[in-house]
Amino acid sequence: AIGATEAPSRQNLGHNNNLSFIVTSAGVVVVNGGDNAYLAAALHAAIRRITTAPVIAVFNENGQGHAFLGNAYWADQGVPIFAHRDALAEVEAHGEVALQQMRERMGELAAGTRVVVPQPLGDFERRVYGDTVIEVYRFGAAHSPGDISLWLPQERIVIAGDIAFHERLLGIFPDSDVFGWIESFDELAALEPKVVIPGHGSPTDIETVRYYTQGYLRYLQEQIEIVLDEGGELNDAYAIDQSAYSHLDTFEELAQKNVGRLYRQMEMELF
């Protein structure tokens, strides 16, 4: 279920990230709890149009609100919910703030939503659900604490989550680790997937998300290094040409913020 490549809103029901589900012979595995209980229920209705099998597990791809706020719906169905331990810590620390922001955005459609802390995962988990093998990877530091990807080795499909972008500009946030992200992406690519389902946008191939994710991060890193080597300042970094990525959704909202945050991170490393 491909979300809007824009900020969450009442109009898009908070569905601005990808919600995925895997139908196995043992039941259905869902990836991402959704932004709210209303949206999670809508996803469940869509699943039931495809299969009558029960949902047997939910995985939150990270600790962001649109990954975990819908957990309450799934918990009320008796479904176990999992996330990486670092994402779990994010839910515990910031979950109530994310919940309040969502309530302000969704109004009465937020009814039934509450913070439900998932069960912890390590850096690698291999699960077998009936006839389907699912490997859960935490490749390393990347977009946000606790980012995970689900790999289906039999089908060579990876539900990459927010380690991979291509139709919208990725966001570098205060807790993003750009240098770790560049390295973690290589770990993802080493799987040699046939299909990549990114955190946002339609399914694609590994080289497309490499260009718009790792390639973009490397480009910003290299350009900011030039600014710093020449004794430049933040305003000089803001002048970096990002026009090769200007066709992406959220470019206007994120391009300058990305430069500013990465510049400050790199400047601090120098001093």
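Just above, that's the structure.
A quick note: this is a predicted structure, and the numbers were derived from the prediction, not measured.

Enquirer: For this particular structure, what's the right way to read the layout of surface pockets?
Expert: Empty pockets left among the atoms are what a rolling probe the size of a water molecule brings to light. Counted as a void, the largest pocket has a volume near 860 Å³. If you trace the largest pocket, you find 33 residues lining it, with Pro 8, Gln 64, Gly 65, His 66 and Phe 173 closest to the centre. Breaking the lining of the largest pocket down by element, the ones donating at least two residues are helix 2 (65-68), helix 4 (85-106) and helix 8 (251-270). With seven residues, the single largest contributor to the lining of the largest pocket is helix 4. Within the lining of the largest pocket, the residues separate by chemical class into twelve nonpolar, twelve polar and nine charged.

Enquirer: What's the story with helix 5 (residues 178-189) in this structure? I'm lost.
Expert: Three or four residues apart is the spacing at which side chains of an α-helix point the same way, because the helix has 3.6 residues per turn. An ideal rise of 1.5 Å per residue puts 16 Å on twelve residues; helix 5 measures up with 17 Å between its terminal C-alpha atoms. Within the span of helix 5, buried status applies to Val 178, Gly 180, Trp 181, Ile 182, Ser 184, Phe 185, Leu 188 and Ala 189. Where the residues of helix 5 are buried, they touch strand 9 (157-161), helix 6 (206-229) and helix 8. Put simply, Asp 177 is the residue that caps the front of helix 5, since its side-chain oxygen is 3.4 Å from the backbone nitrogen of Phe 179.

Enquirer: In this structure, what is going on with empty space enclosed by the protein? I would like to understand it.
Expert: What the rule picks out here adds up to one cavity of 30 Å³ or more. Empty space within the largest cavity amounts to approximately 60 Å³. If you go around the largest cavity, the residues you meet are Tyr 137, Arg 138, Phe 139, Gly 140, Ala 142, Asp 147, Ile 148, Ser 149, Ala 160, Gly 161, Asp 162 and Ile 163. Tallied by class, residues from the lining of the largest cavity come to six nonpolar, three polar and three charged.

Enquirer: Please explain the pattern of salt bridges as it appears in this structure.
Expert: Should their charged atoms come close, side chains of opposite charge can pair. Scanning all chains against the criterion turns up ten salt bridges. As a salt-bridge pair, Arg 210 and Glu 207 come within 3.3 Å of each other at their nearest N and O atoms. With Arg 210 and Glu 207 both in helix 6, this residue pair falls three residues apart, about one helical turn. Overall, Arg 210 belongs to the partly exposed group, its relative accessible area being 23%. Residue class for Glu 207 comes out partly exposed when judged on its relative accessible area of 47%. If you follow the salt bridges from partner to partner, you end up with Asp 186, Glu 207, Arg 210 and Arg 218 in one network.

Enquirer: Just checking my understanding: could you explain the packing of aromatic side chains for this structure?
Expert: Each aromatic ring pair is summarised here by two numbers: the centre-to-centre distance and the angle between the ring planes. All told, the structure shown has ten aromatic pairs when counted by the stated rule. Taking the centre distance of 5.1 Å and the plane angle of 85° together, the rings of Tyr 73 and Trp 74 count as edge-to-face. Judged on exposure class, the residue Tyr 73 and its partner Trp 74 are both buried. Taken together, a centroid distance of 6.0 Å and an interplanar angle of 35° make the contact between Tyr 211 and Tyr 245 tilted. With Tyr 211 in helix 6 and Tyr 245 in the loop between helix 7 (234-238) and helix 8, this pair connects stretches of sequence that are 34 residues apart. Chaining the aromatic ring pairs together yields one cluster made of Tyr 211, Tyr 212, Tyr 216, Tyr 219 and Tyr 245. Here the basic side chain of Arg 127 rests over the ring of Phe 82, its NZ or CZ set 4.6 Å away from the ring centre.

Scoring rules and cut-offs
- Residues numbered from 1 in each chain as written.
- Predicted model: local features only at pLDDT ≥ 70, side-chain atom pairs only at ≥ 80, totals over all residues.
- Heavy atoms only, no water.
- 1 Å grid on protein atoms, 1.4 Å probe; cavity = no way out; pocket = protein on both sides within 12 Å on 5 of 7 lines; lining within 4 Å.
- Points joined across faces, edges and corners; volume = space filled by probe spheres on them.
- Helix = DSSP H or I, 4+ residues; strand = E, 2+ residues; numbered from the N terminus.
- Nonpolar A, V, L, I, M, F, W, Y, C, P; charged D, E, K, R; others polar.
- Expected span 1.5 Å × (residues − 1).
- Buried < 20%, exposed > 50% of the residue type's maximum accessible area, 1.4 Å probe, protein only.
- Contact = heavy atoms within 4.5 Å.
- Polar contact = N/O pair within 3.5 Å; in protein donor to acceptor, adjacent residues only side chain to side chain.
- Salt bridge = Lys/Arg side-chain N within 4 Å of Asp/Glu carboxyl O.
- Phe/Tyr/Trp six-rings, centres within 6.5 Å; stacked < 30°, edge-to-face > 60°.
- Lys NZ or Arg CZ within 6 Å of the ring centre and 35° of its normal.

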